[in-house]
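# Commentary on secondary and tertiary structure
For reference, the chains in residue letters:
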Protein chains: 2
Amino acid sequence: MNTFTEENYLKAIYHLSTQSESVSTNQIAASLNTKAASVTDMLKKLAEKELINYARYQGVTLSQKGEKVALSIVRKHRLWEYFLVEKLNFKWDEVHEVAEELEHISSRELVDRLDEFMGHPKYDPHGDPIPDKNGHFKANELKPVSSLLVDTVGIISGVREHSPAFLQHLEKIKLVIGKKIKVCDINSYDHSITLLLEDELLYISRDVANNLLITL
Amino acid sequence: MNTFTEENYLKAIYHLSTQSESVSTNQIAASLNTKAASVTDMLKKLAEKELINYARYQGVTLSQKGEKVALSIVRKHRLWEYFLVEKLNFKWDEVHEVAEELEHISSRELVDRLDEFMGHPKYDPHGDPIPDKNGHFKANELKPVSSLLVDTVGIISGVREHSPAFLQHLEKIKLVIGKKIKVCDINSYDHSITLLLEDELLYISRDVANNLLITL
DNA sequence: TAAAAAATTTAGATTAGTCTAAAATTCAAA
DNA sequence: TTTGAATTTTAGACTAATCTAAATTTTTTA
Ligand SMILES: [Mn+2]
Ligand SMILES: [Mn+2]
Ligand SMILES: [Mn+2]
Ligand SMILES: [Mn+2]
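To keep things clear, this report deals only with the structure shown in the data block. Position numbers for residues count from 1 along each chain, tracking the sequence in the order it is written. Here chains are named by letter from A upward and ligands by number from 1 upward, in the order in which they appear as written. Reporting of local features is limited, given that this is a predicted model, to residues whose pLDDT is at least 70; pairs of side-chain atoms are given and counted only at 80 or more, and all residues count toward the totals for whole chains, interfaces and linings. Only hydrogens and water are set aside; all other atoms, that is, all heavy atoms of the structure, feed into the side-chain values.

### Thoughts on the pattern of salt bridges
Think of a salt bridge as a Lys or Arg side-chain nitrogen and an Asp or Glu carboxyl oxygen that are within 4 Å of each other. Counted by the stated rule, this structure contains 20 salt bridges over all chains. Its salt-bridge partner being Asp112(B), residue Arg75(B) comes within 2.8 Å of it at the nearest N-O pair. Of the two residues, Arg75(B) is situated in helix H4 (residues 64-86) and Asp112(B) in helix H6 (residues 108-117); the sequence distance between them amounts to 37 residues. When sorted by exposure, Arg75(B) lands in the same class as Asp112(B), which is buried. The salt bridge involving Arg108(B) is made with Asp112(B); its shortest N-O contact spans 3.0 Å. Separated by four residues within a single helix, Arg108(B) and Asp112(B) lie in helix H6, roughly one turn from each other. For every residue, the accessible area obtained with a 1.4 Å probe (protein chains only) is divided by the maximum for its type, and the residue is called buried under 20%, exposed over 50%, and partly exposed between those limits. When its relative accessible area of 47% is taken as the criterion, Arg108(B) is described as partly exposed. Judged by relative accessible area, which is 15%, Asp112(B) ranks as buried. Members of the salt-bridge network, linked through shared partners, are Arg75(A), Arg108(A), Asp112(A), Asp115(A) and Lys133(A). The helix and strand labels rest on DSSP assignments: H or I over at least four residues marks a helix, E over at least two residues marks a strand, and numbering proceeds from the N terminus.

Here you go:
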């Protein structure tokens with residue numbers, strides 16, 4: 001159907017589209033670790049196949065067809081991540097790279113049965129929503145911990161940054177998905193935050209607070 | 001490490017090597033649905049990487065290094081097939097195509113954990129042995145039903161032909177792996193065979209008998 | 001609003017894998 | 001053992017995806 005590479009472009013455009021309406025050539029190049037010239041070539045090809053809306057120099061949006069493909073890749077990526085963590089005991093910082101490969105396995109039957117096997121999970125190990133077989137999902141209303149006021153209480157529900165280093169750090173300090181936290185103090189100089197987590201005080205940097213997401 | 005295509009060539013050479021010592025360009029071309037000229041190009045590349053022993057016009061054998069790679073692909077293929085049948089309820093005739101894709105997922109960790117998750121199965125759904133993480137396996141002593149004498153008793157343990165059509169046919173007549181059979185009669189004109197299977201008589205053609213393997 | 005800077009596209013190459021057609025080699029008869 | 005057939009390799013081309021360098025367009029800023 002579509003090549004491995006085409007799928008990666010569509011996925012990249014999809015993710016970038018959640019940030020800004022239209023996506024630029026340079027944004028795509030950066031996110032795929034490739035060069036702008038290569039991106040332009042591929043955009044022509046994807047436009048030819050009507051997977052994107054593209055006009056020279058004007059940026060890109062996904063067509064309906066393209067979004068459908070992108071969502072199916074995202075669905076597969078997140079379902080496989082869930083499988084790796086829940087069934088094969090991978091850690092949440094170990095699954096992304098493997099899922100980058102697994103998401104390109106084409107069998108529709110496979111992904112739907114995998115979904116069924118796991119009981120139709122709604123969120124992946126990083127708190128990201130898993131689209132259903134029709135591409136539908138409801139995203140949680142997430143706020144970065146850095147945006148909260150003192151005394152706010154919330155549940156850790158997602159991350160903004162997916163690097164193994166960050167995820168390992170969170171795990172080490174037990175700040176994992178599902179935990180309840182309360183903001184105890186915000187340092188007005190460096191914006192570091194003191195949290196209450198299971199009766200213990202925990203200091204986190206502004207950087208960590210920025211990339212940690214909660215539901216109220 | 002190696003490309004998808006290189007892996008498929010190594011696997012094809014591996015399987016062909018179980019039939020004849022040295023493998024020919026044309027055999028590989030036929031098994032991969034490609035042309036002899038393309039095969040020659042790839043053989044040069046694989047020889048360059050020391051994955052095969054190759055001398056112009058002389059046929060090919062796998063090097064130790066090449067065999068190791070081939071065995072890891074075969075291991076993955078068969079483990080995934082087992083997973084699909086045992087965990088996701090695929091039928092034995094539906095798994096091969098999907099496994100053709102899954103076998104190229106590179107993570108060593110993934111395949112070893114999958115193996116563990118399933119309890120280190122020894123045989124895939126078609127009765128083929130699954131190499132362990134070191135590439136070792138013991139093949140059953142298999143005989144085609146067509147080679148048996150009247151009154152021989154055996155257990156269905158493998159197939160020589162893996163086409164969905166053949167597998168579906170076997171399933172329909174309940175001739176599946178593990179079943180006990182007894183040869184009741186061999187027709188001397190067309191070599192069709194009458195079997196006893198769970199107190200019922202079953203007629204199979206020479207063709208089926210040829211592709212159905214048993215252990216004594 | 002006219003440079004200058006930044007972003008994007010085009011031009012021209014490169015690499016992997018494939019093909020057809022032609023040449024070379026091996027094998028099998030006669 | 002020569003000749004013809006079959007097999008295999010080489011030559012030359014093509015496509016997908018990538019790159020660098022140069023040209024073009026858009027955006028910024030003075
Ligand atoms: Mn991921
Ligand atoms: Mn994830
Ligand atoms: Mn198979
Ligand atoms: Mn099999």
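So, next bit.
### Things to note about the coordination of the manganese ion (ligand 1)
All names here are of chain A. Around the manganese ion (ligand 1), the protein contributes the donor atoms His77 (NE2), Glu81 (OE) and His96 (ND1), which lie 2.0 to 2.1 Å from the metal centre. Note on donors: an N, O or S atom is included if it sits within 2.8 Å of the metal, or within 3.2 Å for Na, K and Ca, and water is never included, so sites can look incomplete. Along the chain, the residues that donate to the manganese ion (ligand 1) are spaced as H-x3-E-x14-H. A gap of 3.5 Å separates the manganese ion (ligand 1) and the manganese ion (ligand 2), which glutamate 81 links by coordinating each metal. Of this pair, glutamate 81 sits in helix H4 (residues 64-86) while histidine 96 sits in helix H5 (residues 95-102), and the two are 15 residues apart along the sequence.

### Remarks on the relation of the copies chain B and chain A
For the least-squares superposition of copies, only C-alpha atoms count, and only for residues with pLDDT at least 70 in both. Here chain B sits on chain A after a turn of 180° about the axis and a move of 0.0 Å along it, with an RMSD of 0.0 Å. Such a turn and shift between the copies fits a two-fold axis. Closest approach to the rotation axis among the C-alpha atoms of chain B is made by Leu102(B), whose C-alpha sits 3.9 Å away. Looking at chain B, 100% of its interface residues are interface residues in chain A too, so the copies touch through the same face. Should any heavy atoms of two residues lie within 4.5 Å, those residues are considered in contact.

### Things to note about the protein's contact with DNA strand C
Neighbouring DNA strand C are 22 residues; Tyr54(A), Thr3(B), Thr34(B), Ser38(B) and Lys45(B) lie closest to it. Separating a phosphate oxygen of DNA strand C from a side-chain N or O atom of Arg56(A) is a distance of 3.0 Å. The side chain of Thr34(B) places a nitrogen or oxygen atom 2.6 Å from a phosphate oxygen of DNA strand C. At the level of elements, helix H2 (25-32) and helix H3 (36-48) of chain A together with helix H1 (4-17) and helix H3 (36-48) of chain B are the ones that each hand at least two residues to the surface near DNA strand C. At five residues, the largest contribution of residues to the surface near DNA strand C is made by H3(B). Ten residues, namely Ala, Val, Leu, Ile, Met, Phe, Trp, Tyr, Cys and Pro, are considered nonpolar, four, namely Asp, Glu, Lys and Arg, are considered charged, and the remaining ones, Gly among them, are considered polar. Residues that form the surface near DNA strand C fall into these classes: eight nonpolar, nine polar and five charged. A cutoff of 4 Å decides nearness: a residue is near a molecule or strand if any of its heavy atoms lies inside that distance of it. For this analysis, a polar contact is any N or O atom pair within 3.5 Å, provided that within protein one partner can donate a hydrogen and the other can accept it, and provided that sequence-adjacent residues contribute only side-chain to side-chain pairs.

### Some thoughts on the sheet that holds strand E7 (residues 200-204) of chain A
Residues and elements named next belong to chain A. At least two DSSP bridges between two strands are needed for those strands to be called paired. Across the sheet, six strands lie side by side as E3-E8-E4-E5-E6-E7; this open sheet has antiparallel pairing. Both edges of this open sheet fall to strand E3 (143-144) and E7, since each of them pairs with a single strand only. Pairing analysis gives two bridges linking E3 to strand E8 (residues 212-215), with the strands arranged antiparallel. Within the sheet, the bridge partner assigned to proline 144 lies in E8 and is leucine 213.

### Thoughts on helix H7 (residues 164-172) of chain A
Residues and elements named next belong to chain A. Taken as a whole, H7 has its buried residues at Phe166, Leu167 and Leu170. Buried residues of H7, seen end-on, are gathered within an arc of 95° and therefore sit on one face of the element. Turned more than 90 degrees away from the buried face of H7 sit Ala165 and Lys172, all of them exposed. Close packing links the buried residues of H7 with strand E4 (153-159), helix H8 (206-211) and E8. Throughout, the arc means the angular range of directions from the helix axis out to the C-beta atoms.

### Things to note about the packing of H4(B) against H6(B)
Residue and element names in this part refer to chain B. Every axis in this analysis is a line fitted to C-alpha atoms, fitted for helices over the stretch in contact. Angles between the N-to-C directions lie between 0 and 180 degrees. Contact pair H4 / H6: the axes reach a minimum separation of 10 Å and the direction vectors enclose 40°. One way to sum up the angle between H4 and H6 is to call them oblique. The hand of the H4/H6 crossing is left-handed. Of H6, the residues touching H4 (which contributes Arg75, Lys76, Leu79, Trp80 and Phe83) are Leu110, Val111, Asp112, Leu114, Asp115 and Phe117. Here the angle decides the label: under 35 degrees means roughly parallel, over 145 means roughly antiparallel, 65 to 115 means roughly perpendicular, and every other value means oblique. Should the near helix be turned counterclockwise from the far one by less than a right angle, the crossing is left-handed, whereas a clockwise turn marks it as right-handed.

### Focus on the interface of chain B and chain A
Accessible area lost upon the coming together of the parts serves often as the stated size of an interface. Taken together, the 20 residues of chain B in the interface contact 20 residues of chain A. Summing both sides of the interface, chain B and chain A together bury roughly 1600 Å²; the carbon and sulfur share of this comes to 72%. Buried surface area refers to the total accessible area, computed with a probe of radius 1.4 Å, that the two partners give up upon joining, counted for both partners together. Together, Leu88(B), Glu101(B) and Arg113(B) form the three largest contributors to the area buried by chain B at its contact with chain A, with a combined 32%. Elements represented by at least two residues in the side of chain B that touches chain A include exactly H4, helix H5 (96-102) and H6 of chain B. The greatest single-element share of the side of chain B that touches chain A, amounting to five residues, is contributed by H6(B). Across the side of chain B that touches chain A, the residue classes break down as eleven nonpolar, four polar and five charged.

### Digging into the sheet that holds strand E4 (residues 153-159) of chain B
All names here are of chain B. The antiparallel open sheet is built from six strands, whose spatial order is E3-E8-E4-E5-E6-E7. Looking at which strands have only one partner, the edges of the open sheet turn out to be strand E3 (143-144) and strand E7 (200-204). Note that strand E6 (residues 193-197) and E7 share five bridges and pair antiparallel. By the bridge assignment, leucine 196 is partnered in E7 with leucine 201.

### Some remarks on the pairing of strand E5 (residues 180-186) of chain B
Residues and elements named next belong to chain B. For E4 and E5, the ladder comprises three bridges, and the chain directions are antiparallel. Directly across from valine 153, in E5, lies its bridge partner lysine 182. Direction of pairing for E5 relative to E6: antiparallel, over a ladder of five bridges. Note on E6: the bridge partner recorded for lysine 182 is leucine 196. Linkage of E5 to E6, two consecutive antiparallel strands, is achieved through a turn of six residues, within which histidine 191 is found at a positive phi near 60°.

Everything listed is a geometric property; what it means functionally is a separate question.
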